[in-house]
Structure formats: C-alpha cells, structure tokens
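One letter stands for each residue in the lines below.
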There are 4 protein chains.
Amino acid sequence: MIDYRSDNTGRAAPEILDALVRANEGTALGYGADEWTARLQERFADLFETRVRVFPVSTGTAANALSLAAIAPSWGLVFCNPAAHINTSEANAAGFFGGGLKLAPVAGTDGKIDADELSRALAAFPPGQLHRGQPAAINLTQATDLGAVYTLDEVRAVAAVAKARGLKVHMDGARFANAVARLGCTPAELSWRAGVDILSFGATKNGGALCDAIVVFSLEIADGLAIQLRRAGQVWSKMRFASAQLMAYIENGLWLRLAGQSNAAATRIAAGIEGIPGLRRLAPVEANELFLELPPGVMDALEADGFQFYRRSATLARFVCRFDLTDAEADALVASLRRHCALPAKAAE
Amino acid sequence: MIDYRSDNTGRAAPEILDALVRANEGTALGYGADEWTARLQERFADLFETRVRVFPVSTGTAANALSLAAIAPSWGLVFCNPAAHINTSEANAAGFFGGGLKLAPVAGTDGKIDADELSRALAAFPPGQLHRGQPAAINLTQATDLGAVYTLDEVRAVAAVAKARGLKVHMDGARFANAVARLGCTPAELSWRAGVDILSFGATKNGGALCDAIVVFSLEIADGLAIQLRRAGQVWSKMRFASAQLMAYIENGLWLRLAGQSNAAATRIAAGIEGIPGLRRLAPVEANELFLELPPGVMDALEADGFQFYRRSATLARFVCRFDLTDAEADALVASLRRHCALPAKAAE
Amino acid sequence: MIDYRSDNTGRAAPEILDALVRANEGTALGYGADEWTARLQERFADLFETRVRVFPVSTGTAANALSLAAIAPSWGLVFCNPAAHINTSEANAAGFFGGGLKLAPVAGTDGKIDADELSRALAAFPPGQLHRGQPAAINLTQATDLGAVYTLDEVRAVAAVAKARGLKVHMDGARFANAVARLGCTPAELSWRAGVDILSFGATKNGGALCDAIVVFSLEIADGLAIQLRRAGQVWSKMRFASAQLMAYIENGLWLRLAGQSNAAATRIAAGIEGIPGLRRLAPVEANELFLELPPGVMDALEADGFQFYRRSATLARFVCRFDLTDAEADALVASLRRHCALPAKAAE
Amino acid sequence: MIDYRSDNTGRAAPEILDALVRANEGTALGYGADEWTARLQERFADLFETRVRVFPVSTGTAANALSLAAIAPSWGLVFCNPAAHINTSEANAAGFFGGGLKLAPVAGTDGKIDADELSRALAAFPPGQLHRGQPAAINLTQATDLGAVYTLDEVRAVAAVAKARGLKVHMDGARFANAVARLGCTPAELSWRAGVDILSFGATKNGGALCDAIVVFSLEIADGLAIQLRRAGQVWSKMRFASAQLMAYIENGLWLRLAGQSNAAATRIAAGIEGIPGLRRLAPVEANELFLELPPGVMDALEADGFQFYRRSATLARFVCRFDLTDAEADALVASLRRHCALPAKAAE
C-alpha cells in the first residue's frame, strides 16, 4: 500500500520526537511558564523578524478557531474561500469559539480569495447594516485547500482590501511551510509584512506530532487570547513538551526541508502526469497536494494497485504527499495513472 | 531546589514517551481512525470492566469542560465544591464550552460535596423554577482539590442524590489514579459502579506528558461528544501519538504504580510532621497533596532552604508530591518543617 | 407616498391594541404565571387541535433562533433555503443562540427547500462524519421569502425526508397566516399534522404590534425552552400585555381576515400586471409579497411616482402588501408599472 | 387581596398605553429607523444631559445581559453583590449572552458592592493571571436588590475602583427611577457623571408595560451592541410602539412621579412598623421594597388577612410597593403586621 490519503497519516520527523524526549528532565513550571516556552518566543521572533507571541496548541482547528475568535466579535462575518478548511472540515469550530460568528464564502480560483471579489462582497455589507452582521475578518488558507499557493502579491492584495475596511487578516497556515518553501520567501514576507495579523502555524501535517501554534503579530490581541486558550483547554500544564517540539521543528530549517520534500514529491508527480489524456488537475500543483479529475474506473484501478487516497467526488481524487514519500512511490503513482487513464474506461473497470 | 509546586512541574514517565516514539512507524488514518485508538477503546473497556468510549484530549480543563457540556444543557447548573478545580482554576471553561452553564458551589469538608448539603441545595431549585436555571449535573473532584479522597460510599451517596433528581455525575479525575491507589478499589468501583456517568481521566499530573482522556460510561452522549471534541479542536489528526501514551499509562499497572509512589511520598511527609506544634493540615492527606497552615515566617524559611511550593494565602502552603519524589526529598521537607515550626516565629524570619 | 416597503412598516390592527389596553386592570403574577397566558395556552390548543405550549416572544428573530436552538445541538447543521430569513436577515441569531450551530443552504425554487435536494444534501453527511458537523434540523419559511407558499404536500415531503433521518422540523411562520389563508387549510394541517415540530407563529407582519410566538408541538422540548427564553430575556414580567395581544390576534379569525386582505392585495396587483412586457415575477405571488424584475429606469420612475419599496438588486424590486392596503393603492401601483414598463428604458429614465 | 408580590404584577400607567395607541398611525420604517425612535434618542440626550444611544429592549434581563456582554469579553469576570438580580434571578443570562463570562460576587451591605471589598477582590486577580479569568466589569443594582439606594458617593467610590483597574461599570437600573426619586439628584449625576458606562433603564417595574431600555454612555460600544441586539431578537420591527412607550414614560417627569409614589408607600409602611417588636428590616427602606424578618407564624397570618407577598425564606418576607398602591393599602399592612407581631407566636399560628 502506498498512502496518499493525507499528510497527517504520516510519521513525525524523528528530530521532533527526539526533542520532546530530551525535554523530559528536571522540573519546570506549568502552563507555559517554563524555559522551553520562553525560548520559543525568542526563536519565533527571530524567525519572523519581529516581536510575536507564539502559543502552542494541540490542533490546527484550535489554532484557526481561536485565532478567528480573537480578531472577530461574535456578530462578525469572516470571509473565506468556499473550499476553506474552516468552512468545510472543522465542524464549524469558528462559529463555536467565535460565539456564533458566521463564515461568508467569497469566490476565487484555486481555493484562493480573489481581492476583487472580496471588494464586491464587502460592499454588500455597508457600515450600519445590521440584519446580516458586519464584516470582521478575512481567512486565507496558505497553501490553499486545493493545493495552490498564493503569491506574495495576491496575499497583499487581499490584505489591502481587508485593511481598507478595517478588517483583520488570519492566515490558516496548516501548510505554511509548503507555501514558504514554494515561494522561496521569508516567513515575515508571507505573514505580517503582507498584512497578516495572526497565523495558524501548522506543524502536524509537515512532520509534526501533537502540536501546531498560533503566531500573533497584532500584539494587542495576545493577552485576551492567552486567557481564551486557557479556558479552551489549550494550555498544556506540561507545556515544555509542546514547545520543545515546535523548537525542533524550526531548528536548522527542518520545517522548510520537510516541506521541500513533500512539495518536490508532488511536483514530480505533476510533471509525470503531464499530458495524460482524460486526467485534469483541478488547480496548479504548488504545494504537496494534487486534486485530479479522473476518468471513470481509474480510482478503482488505483486502489486495486494498492494506492490509498481520498475520493472527493465520483470523479475527483485527492493525493497528498508526505515529507517521507519516496521518489519510487511517486513514480509508481505516475505509472499507474498513466496506465489506467490510457485504457478505455471499460477496461479500467 | 526541591520542587513541591505541582505534579505538573514533573517529568513524564519514560515508559509513556517510549510508547509515543514507538508509535512513529508507518502511516495511520487520522483523527482517531487509527489502530492505536481502536485498541485504546478495548483496553479501557477491560480496565473499567464495561463498554466505554474513551477520547484522548490535550488537557484536564478540556476533559472537564467538555464532559460537563456533554451532560448539562446550557441553562443548567452544575453543583460542585467551592474549591473544585472547575470553579477556581479553569477560567470558567465549563461556562464557555457549556454555552453559559453556571457553577453552583455546594458546601462540604475537605473539598468534597456533602450529600446532605447537596440535597438541601437542590431543594432550592424546584422543577419549573426558571429564574435561576435548573440543576443539571454534579461535579466531584477525586482526589479532591484539598488532597482528600472520597470513599466509595461518599461517591455513591452523592450520586444517589443526583440520580434521584435525574442529574448526571461527572468525576474530575485529574488524580483519579491517586484515589484508586489509595482506596485499593477497582476503577469500575470508583466510577460507573458508584454512579459516575463521565470521567475526566487524568494522566498528566501522574507521569503523563501531553494528554488526558474523557471516559464515557453513559454511551448515549458519546456521539455528540465526539463532534464537540472535533469542533473544540481536541481531535488530533495524528491521534496515535496520544493514544499510545494513554495505553502505556495503563499498561501493566503503570498508572497505579506511579500514583502509589506520589501517594506514599505525601503519606511519608504527613507522618513525619505529625505533632509538629503550630502546623495544621487543612484536610486529611490521602493522595499526593498536603495543604498546611504554617506559623508566620515558616514559608520564607522553607524557601530559603530551597523548597519550592505554592502559597495559597499568607498562612496556607500547598505541597504536591510527584511520582519521582525521593524519600530523601520527602524527609528533607519534614526536617525543615520540624526545624522552623519549632522556632519562635521571630527567629524563623 | 404609498408604502410597499414591508408589512412591518404598517399599523397594528386596532383590535390588538384594544386588547392590550383592556388587560391593564388589577394585578397579575409576573413572567407568564397570569391568567391571560394560561388562557392563551388553551386557545392555541383549540386553534391547533392538539396540546401545545405557546410562548410569546418579542420578535420573529427571537422565535426563530430560540426554536432552532431548542431542536438542534450546538454542533448541528440546520438546512434551509439560501433565501431563508434566518440565513439572510437575522445577523446569524440562530448561530448565536444555537451555540455555534451552522446553517446549511439547500437548493429549491421559489424560496422553498426541495425534498429531493434535501435528501441529496443529507447524504453528504453520513452518520459518524465529524468534520462538518451532523444534520440536526430543517427550517422552512412559510410563506417563503420569495412570496410563494409551500403546498401541504410539499411540507409533508420535506418533513418526511427530515424524519427519516431523525431531524426535527422548524417552520418560520412569520407569514404563517398568509399561508393558511392562501391554502384554505387548518393551522393543524399546515403544522404538526404535516410534520412540523416547532413553529414561529408570526403576528407582527400581519397587524400585530410587539409580539410573535413560539408554538411547540414536540412537548418534550418545551421545559428546556422555557428556561432558555427566560435567560434570553424573552419572558416579559408583565406577560399579560403580550398574551392579550396574541389572543386578540386569533380571536374570531382576525389573523386570517388580515392575512386574507394582504394576500388579496398582492393577488390583485399580480393579476393587474399580468402580461406587462419586460416585467418578470421572480416567484409565484401566493402570499402578500411580489418580487419583480423590472426594466432599467422603472424603479426610479416608481419612486418619482411616490411608491416606496425595497431594491433587492439593480433590477429586482420587492413590494409588500399590508393588511390595510387599499384597492386604490394596489391599482395605482399596477397603473404605474404598466405605464413605465411600456416605455422604452431610455424614456423611463 | 392586597398585592405586595412585585412591582411587575401591577398595571401600566395609562399615559404609557395611550402613547402606544397613538403611535398606531401611518407607516414607519422598521427596526428602529422610525421617527419615534429618532426622537427617543434626543429626549434621552436631554434627560441625561449628554450624547447617549438608547435601545429599547423587551425586558430587564435582556438589558442587563446584553449590557454586560457589550462591556466584558467572554473570558471576563463581572463583579456584583451576591444578591444582585443578575446573579440570583436571570437564569445566568449574563453568562449566556456573555459567551461564558462569569459572575464574581463581592461582599457589601444592603445589596451594595463595597468599594473596599471590591479593591480586595480585584487584587486577587493580578494582570496576567489566567486560571480564573480576568476582571472585566462591575455591576451595581440601583436601587439594590434589598431595597436600599446607593448614595452618589457610594456609586462614585465603586466606579473609581473600577476605573483604576480599567473596568467598565454597568448599572442595573431596574429601579433607577426609584433611586433618582429618592436621592433627588439628576439622572446624569447618578449615571455617567458618577462613572457609569452603560445603564439598564427600567420602566416595567415602575408603570411600564412591555419595554425597558439600554442607555449607552460609552459610545464606542454602541455600534457593536446594535448588532448584538439585532441577533438577540431584541430589535422590534415595529419599534415605534416601544419607543412611544419610553417617551411617554419620561415625558413631564412621569417616571419620577410614579417612582415617588411607590417610594412613598414603602416609606409610609416603614415608618408605620417602626418599633414593632420581633420585626426586623433587612436593609434600609429607601426605594419601594421592604425585606422584613418576621416572627414565626406572622407570614401565615398575613396571608390569611389577604396580603400577597413573597417568602424569601422561612422568616424573611418581601413586600413591594406599586406606583398605584393606596395609602389605605399601606396602612392595612402596617396594622396587620402590628397586630400579628404583638401576639405570641403560638397565637399567631
């Protein structure tokens, strides 16, 4: 079996677990008042080239929902792409933590919010309009939920529209590493310098184990968020074991190395399937995911070949590359796709 | 320095981290659909001698608040001891996850709810009374927040009062292991057989690292809770790393061995300080905590001797024993207390 | 000026205010424990030919949101037409009172939910699926937000799909009177006999003044709802003044007489504009609202003629008939529409 | 029967209902965009001698809970007297609308918060302390829930402590009229000039019918509150009928005349019962309520005499005077109390 189901089906990077185990020494104050967590603040400030507050949390859903609740009042509207993870896959955690805030899908290609569409959408909620709530924040998924990556200019354009209306910008960076690796930019360029106020900094999908983080650039919201995290059950008493993981994750560029590997695997597959008849990519392959429209029967055939992946619809399949996916595994998928798409549908069945 | 600040300042048991590291092999479905989590269900069913649903969560606060939200409607009152952790130390997480449910403190000694007091308290909320809400659930902390342990009969008595009114019973078992170890009973006897519907099963304070668990005995609430956990950001995508910890925790009685050690340390100290003039225990020392009223100056003197602990008030100090506290460390505290309490207050300063 | 802006811009029926004033005699227990409210229960039981609980509330938004919160857990999905008032016009009150429940639009014509579309939509949320939440309830607006009326069979078909999945059905009856008057059925036939569990019983838009009501058919949810209403600030201490209004509203068929009048006005206009070139009705005119697509310039011309109405878009206008709209006012609108639509767009500008 | 059960068991002042009926003319925009509501803003600005935003709401519970939610984050603590209405009688509406905010009782006599006790209480929550939440707001009930009235200096002292910590001050003025009438001060002096940020302006208990109001002095919170009111179902579409009531209420000093009448009745009773043996006032009688500790048997005897009132405990009775209570009714209560308290308990039974 070759597993393309998700990047969260994969292993953790050994470096991260090693760090966790090494933190198991002596006593340390609870709830983040330990040395590991203090150092984590410094390391992230270095990484992002500015003062930040970083809060380890157990999941990306917690990171997203608590970030949004921190920047949007309960009567707020959060604009996102219809395919955004917060809209499709988190059981409305944002609405829950946000006290009933509402997600407002806004169109765009490849899982991105389009800045012009956003402008038009915002215009439908003039200030003082009460019946539908008021715009409060923007959510960008980077890399997107369809495997594309916003360019720096695209992020800046969306943020500019948001700022012009006084809205905060949240980036769901479950695959932030993949986006940074792809763009070759700095973390600062892709976040606060582009207008991002708060970032869900993903690690789990990229070789992490049990924690992600919230990185706050708009520091005025950090103290309130700290209490919300406490009451949200997101402040580990033995926080050092989380902070140690996150430090290892960014140490010596590990996070970008891992993301580079999974990106490369996806790129290799994308290149390999170029021109296969009957196969269509739903969006550019710019991170570690491929969304492929396949001819009838091909998904069954792939499964028969031992490939695991998710069916998004009768004809749409998602393939996710883990950091430790091998070239051989990538090539095997290419070969299988090539073989089955070449056949008439009937034969494939 | 000898650290008596908390059991969460301590290390994790190596067995637990070993298990976490061993789980880092191959791929596994996310969000709890993995083999580790499936086995966890079986192991906990064995441990509790009945069908249960067990949900790993990141913290005790998450376990408590989500448990209460699962058994109480948002207009419900949850009765607890005034010293209960949910009332004093969780930033009203129960009120938050519970949609505005309210904690109703009810008196009792040693951090326990007294069954008769509970009866009286409930009588003040006759059915149909709307202005103050309606009773919905009972919260017991076992071991209590003052270091005592409910006997089986005490738990049963409280549960009987609750059941007579149709209320569910939640046990905050952040130190459930210490209580079971103390009582020498089975986990089943101290939980569902005594009337407990849902249990916060603590591990962190007893040698765990990054997870506790919710154990559901009233299975009709489990499916709803599963979704609430998802939207609460409490379902790790790489759940195997949490489930593996919890399995190691209960494997071969590790949890009870660790709790026995910290209990024994507290007992050793309690025995050693017996009869020291001017020193008063706030409650019986039945688990791994000592709450001591001390003469003026003694707390300063202890700190000068290198002991770390929490001051609960000007005269009340809390000492918590970790599973790896040594006899020598226990004896050192006894000696220090004996020495400083014997002196006139002045000298001690 | 002739006002077609809304049915809530209109006067109250004098009978209703008379009843309110007549209730101002003697003392009466507060919070609904008065005789007026007791009698209201009986009258509504008669009206609906079954045991009900009826709760006066101040607004339709309160009625809708609290009804949905009563039948859906906070992790629930409530399926509604995209044009549903709860989705477009209540500032996400349902999400707020529902603790973060989410509205899930499902397609259908004329503002209705289509039973087959609902089946398909539900199939996308198989039991056990956690990431998107679980279906919990259905919301029907009757009459619909586009001025159409569900037939009895259409309501039954939607309810059947709901029941097959174990979902509760809420009817937003802000214009329930208009629907009953249109269909010529009994209130029972259009509510619980068709599968409705809880009804927002509107009065304000149909000659009421300051209250609507929630009518509960599934009595097991009524006690919890009573407390929710109390904490929602929806239980007037001088409830008699609300109950008296509602009794007058249904006394001697007043509610159906008023609805018949506003329906008739809309029908008269609809008949009058039949065949006007360039004018298109968005949906059948079956209650008291007309949604008309108009040629460019016509809306300006109508306003110049002294008509007030809402522009839903550059080409879509909404006209709402009040119970006291006169035939002359209706005919004036017809004449104006006929005149301006006949002209070339240019001239109309 | 003579009714002392509550001031909400009473009639509405005819002037208020007259105004409501007079508002029933012509059409008017919905949701507060009408002329009555516009004028209401002006009148209240005059009344309070400053710019305000005034929002009619259906109940005092709505006014209180939404006011607190507007000035406290969901993780906030709201300090109040243990006897405060928000703590004892509103089904935790504050916790519900406030997203899980928590009430923190602080001691004081006669139902008041004592400024020094408040200082001490706040000191227990140093900034940065997370486990118990952070102080956010203060709630004063004026007149208090025990029938006393804060002096201007007492309000100022509490507000000064609050402001020193950066906390907002909410006044629950369900009986604000009684307090103003008692103190002979201006509404401005007792509200914003004394440090109040937001006021629940009660009318119902003082001759109103179906609405109270929120008066906002800290205007920066008004826009958010406006949306919250909308989603809370507290914005009547036919708002003119509420605004007209409130205008009549303050017109020509009606509100103070009514409050003066009920205050005078209570004062008359208090004077009449002076020196009756075995009878003890729980607090000074400064508004329209008397809380009396009575000898055994007296409550039964009063009821046998035809008096209606509430038993707060086996020995504590509450008597509330309505604006239309007559001197004869007041004197009858005095006579009855005098007669029954004079008798030995036995005879009284």
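The structure presented is a predicted model; accordingly, all values stated were derived computationally and were not measured. (Residues numbered from 1 in each chain as written. Chains lettered and ligands numbered in written order. Predicted model: local features only at pLDDT ≥ 70, side-chain atom pairs only at ≥ 80, totals over all residues. Heavy atoms only, no water.)

A. Summary view of the confidence of the model for chain A. Residues and elements named next belong to chain A. Counting all residues, the mean pLDDT for chain A is 96, and 98% of those residues have values of 70 or more. Ignoring residues within four places in sequence, the model shows residues 345-349, a span with pLDDT below 50, making seven contacts including any to other chains. Note on the complex model: pTM 0.96, ipTM 0.96. (pLDDT = per-residue confidence, 0-100. Contact = heavy atoms within 4.5 Å.)

B. Here's a closer look at the interface of chain A and chain B. Each partner contributes to the interface: chain A provides 53 residues, whereas chain B provides 53 residues. Interface of chain A and chain B: buried area, both sides summed, is about 4,300 Å²; carbon and sulfur atoms make up 55% of it. Elements supplying a minimum of two residues to the side of chain A that touches chain B: α1 (14-22), α3 (60-71), α5 (93-97), α10 (222-231) and α11 (240-250) of chain A. Tallying contributions element by element places α11(A) first for the side of chain A that touches chain B, with four residues. (Buried area = accessible area lost by both parts, 1.4 Å probe. Helix = DSSP H or I, 4+ residues; strand = E, 2+ residues; numbered from the N terminus.)

C. Expanded view of the nonpolar core. In terms of nonpolar packing, the biggest core is built from 206 residues, with Phe201(C) and Phe201(D) touching the most fellow members. Discounting residues that sit within four places of it in the chain, Phe201(D) has contacts with Phe44(D), Leu47(D), Phe48(D), Gly173(D), Phe176(D), Asp212(D), Ala213(D), Val215(D), Tyr249(D), Ile250(D) and Trp255(D). Grouped together as the second largest cluster of nonpolar side chains are 205 residues, Phe97(A), Leu140(A), Trp36(B) and Cys211(B) included. (Core = buried A, V, L, I, M, F, W, Y, C linked by side-chain atoms within 4.5 Å. Buried < 20%, exposed > 50% of the residue type's maximum accessible area, 1.4 Å probe, protein only.)

D. Region of the structure containing the side chain of Asn92(A). Assignment of secondary structure puts Asn92(A) in the loop between α4 (85-88) and α5. Every residue in contact with Asn92(A), bar those within four places of it in the chain, is listed here: Leu103(A), Arg231(B), Gly100(C), Leu101(C) and Lys102(C).

E. Structural view of the pattern of salt bridges. Applying the stated criterion across every chain yields a total of 84 salt bridges over all chains. Linking Asp3(B) and Arg5(B) is a salt bridge whose minimum nitrogen-to-oxygen distance equals 2.8 Å. Residue Asp3(B) shares its accessibility class with Arg5(B), and that shared class is buried. Arg339(C) serves as the salt-bridge partner of Asp305(C), at 2.9 Å between the closest nitrogen and oxygen. Within this pair, whereas Asp305(C) is found in the loop between α13 (298-304) and β11 (307-308), its partner Arg339(C) is found in helix α14 (residues 327-342), the two being separated by 34 residues in sequence. A relative accessible area of 35% means that Asp305(C) is categorised as partly exposed. The exposure class assigned to Arg339(C) is partly exposed, which follows from its relative accessible area of 44%. Shared partners join several salt bridges into a network, and the residues in it are Asp7(A), Arg175(A), Glu289(A) and Arg318(A). (Salt bridge = Lys/Arg side-chain N within 4 Å of Asp/Glu carboxyl O.)

F. View of unusual backbone geometry. Residue Gln142(B) is joined to Ala143(B) through a cis peptide bond whose omega torsion reads -10°. Inspection of the secondary structure puts Ala143(B) in the loop between β5 (134-141) and α7 (152-164). Within the chain, Asn252(B) stands out as a residue other than glycine whose phi angle is a positive 55°. With respect to the helices and strands, the residue Asn252(B) is situated in the loop between α11 (240-250) and α12 (254-273). With a relative accessible area of 71%, Asn252(B) lands in the exposed category. Phi at Ala91(D) takes a positive value of approximately 55°, unusual for a residue other than glycine. For Ala91(D), the position within the fold is in the loop between α4 (85-88) and α5 (93-97). Take Ala91(D): its relative accessible area is 2%, and that puts it in the buried class.

G. The environment of Arg53(B), seen in detail. Residues and elements named next belong to chain B. When you line up the elements, Arg-53 lands in strand β2 (residues 53-57). The spacing of Arg-53 and Gln-228 is 175 residues in sequence and 14 Å in space, taken between C-alpha atoms. In contact with Arg-53, not counting residues within four places along its chain, are Gln-41, Ile-214, Val-215, Val-216, Leu-219, Ala-222, Asp-223 and Ala-226. A polar atom in the side chain of Arg-53 sits 3.2 Å from the side chain of Asp-223. (Polar contact = N/O pair within 3.5 Å; in protein donor to acceptor, adjacent residues only side chain to side chain.)

H. Structural view of the sheet that holds strand β12 (residues 310-311) of chain D. Residue and element names in this part refer to chain D. One open sheet holds the four strands; their spatial order is β9-β10-β13-β12, and the pairing between them is antiparallel. In this open sheet, the two strands that pair with only one neighbour each are β9 (280-281) and β12. Pairing of β12 with strand β13 (residues 316-320) involves two bridges; the strand directions are antiparallel. Along β13, the bridge assignment pairs Arg-311 with Ala-317. (Pairing = 2+ DSSP bridges.)

I. Quick look at the relation of the copies chain A and chain B. Under the fitted operation, chain A is carried onto chain B by 0.0 Å of movement along the axis and a turn of 180°, and the coordinates agree to an RMSD of 0.0 Å. The symmetry that links the two subunits is that of a two-fold axis. The position closest to the rotation axis in chain A is occupied by the C-alpha of Ser58(A), lying 3.3 Å away. Of the residues that chain A buries at the interface, 100% are likewise interface residues in chain B, meaning the two copies contact each other through the same surface. (Least-squares fit on C-alpha atoms with pLDDT ≥ 70 in both.)

J. View of the relation of the copies chain D and chain A. Screw-axis analysis of chain D against chain A gives a translation of 0.0 Å along the axis, an RMSD of 0.0 Å, and a rotation angle of 180°. In this assembly, 100% of the residues forming the interface of chain D have copies in chain A that are likewise at the interface, indicating an isologous arrangement.

K. Inspection of the packing of helix α1 (residues 14-22) of chain C against helix α11 (residues 240-250) of chain C at higher detail. All names here are of chain C. Look at α1 against α11: their axes get within 8 Å of each other, and the N-to-C directions meet at 145°. Regarding α1 and α11, the two cross each other, and that crossing is right-handed. In this structure, α1 uses Glu-15, Ile-16, Ala-19 and Leu-20 to contact α11, whose residues at the interface are Phe-241, Ala-244, Gln-245, Ala-248 and Tyr-249. (Axes fitted to C-alpha atoms, helices over the stretch in contact; angles between N-to-C directions. Left-handed = near helix turned anticlockwise from the far one by under 90°.)

L. Representation of the pairing of strand β6 (residues 168-173) of chain D in the model. Residue and element names in this part refer to chain D. The buried fraction of β6 is high, at five of six residues. As judged from the five bridges shared by strand β5 (residues 134-141) and β6, these two strands associate in the parallel manner. The residue of β6 that forms the bridge with Ile-138 is Val-169.

M. Structural context of the sheet that holds strand β10 (residues 289-293) of chain C. Residues and elements named next belong to chain C. Ordered by their spatial adjacency, four strands build an open sheet running β9-β10-β13-β12, and the pairing between neighbours is antiparallel. Edge positions in the sheet fall to β9 (280-281) and β12 (310-311), since each has one partner strand and no second. Here β10 runs beside strand β13 (residues 316-320); their pairing, made up of five bridges, is antiparallel. In the sheet register, Leu-290 faces β13, and the bridge partner there is Phe-319.

N. Expanded view of the interface of chain D and chain A. With 16 residues of chain D at the interface, the matching set in chain A holds 16 residues. Roughly 1,400 Å² is buried in total at the junction of chain D and chain A, and carbon and sulfur atoms are behind 65% of that figure. Looking at the side of chain D facing chain A, the largest losses of area belong to Trp75(D), Leu130(D) and Ile227(D), adding up to 43% of the total buried there. Taken together, the links from chain D to chain A amount to zero salt bridges. Here chain D and chain A share eight residue pairs in polar contact (both at pLDDT 80 or more) between them. Residue contributions to the side of chain D that touches chain A peak at six residues, all from helix α10 (residues 222-231) of chain D. Counted by class, the side of chain D that touches chain A contains six nonpolar, eight polar and two charged residues. (Nonpolar A, V, L, I, M, F, W, Y, C, P; charged D, E, K, R; others polar.)

O. Local environment of the packing of aromatic side chains. All names here are of chain A. The tally for this structure, following the rule as stated, stands at 68 aromatic pairs over all chains. Both rings, one in Phe-48 and one in Phe-217, keep their centres 5.4 Å apart while their planes meet at 65°; by these two values the pair is edge-to-face. In this pair, Phe-48 sits in helix α2 (residues 35-48) while Phe-217 sits in the loop between β8 (212-216) and α10, placing the two residues 169 residues apart along the sequence. Side by side, Phe-48 and Phe-217 carry an identical accessibility label, which is buried. Aromatic pair Phe-79 and Phe-125: ring centres 5.8 Å apart, planes at 80°, arrangement edge-to-face. Placement of the pair is Phe-79 in strand β3 (residues 76-80) and Phe-125 in the loop between α6 (115-123) and β5 (134-141), with a sequence separation of 46 residues. (Phe/Tyr/Trp six-rings, centres within 6.5 Å; stacked < 30°, edge-to-face > 60°.)

P. Layout of the state of the cysteines. Enumeration over the complete set of coordinates arrives at zero disulfides over all chains. You can see Cys211(D) has no disulfide; the closest cysteine sulfur is in Cys211(C), sitting 13 Å from it. (Disulfide = S-S within 2.5 Å.)

Q. Fine view of helix α8 (residues 176-183) of chain D. All names here are of chain D. Burial in α8 covers these residues: Phe-176, Ala-177, Asn-178, Ala-179 and Val-180. The inward-facing, buried residues of α8 contact α2 (35-48), β6, α9 (187-190), β7 (198-201), α11 (240-250) and α12 (254-272). Note on α8: the residue one or two positions beyond its end, Gly-184, has a positive phi of about 65°.

R. Representation of helix α7 (residues 152-164) of chain D in the model. All names here are of chain D. With 13 residues, α7 should cover 18 Å at 1.5 Å per step; its first-to-last C-alpha distance of 18 Å lies within 8% of that length. Residues of α7 that are buried include every one of Leu-152, Val-155, Val-158, Ala-159, Val-161 and Ala-162, and no others. In the core, the buried residues of α7 are packed alongside α6 (115-123), β5, β6, α8 and α9. Two residues or fewer after α7 comes Gly-166, characterised by a positive phi angle close to 80°. (Expected span 1.5 Å × (residues − 1).)

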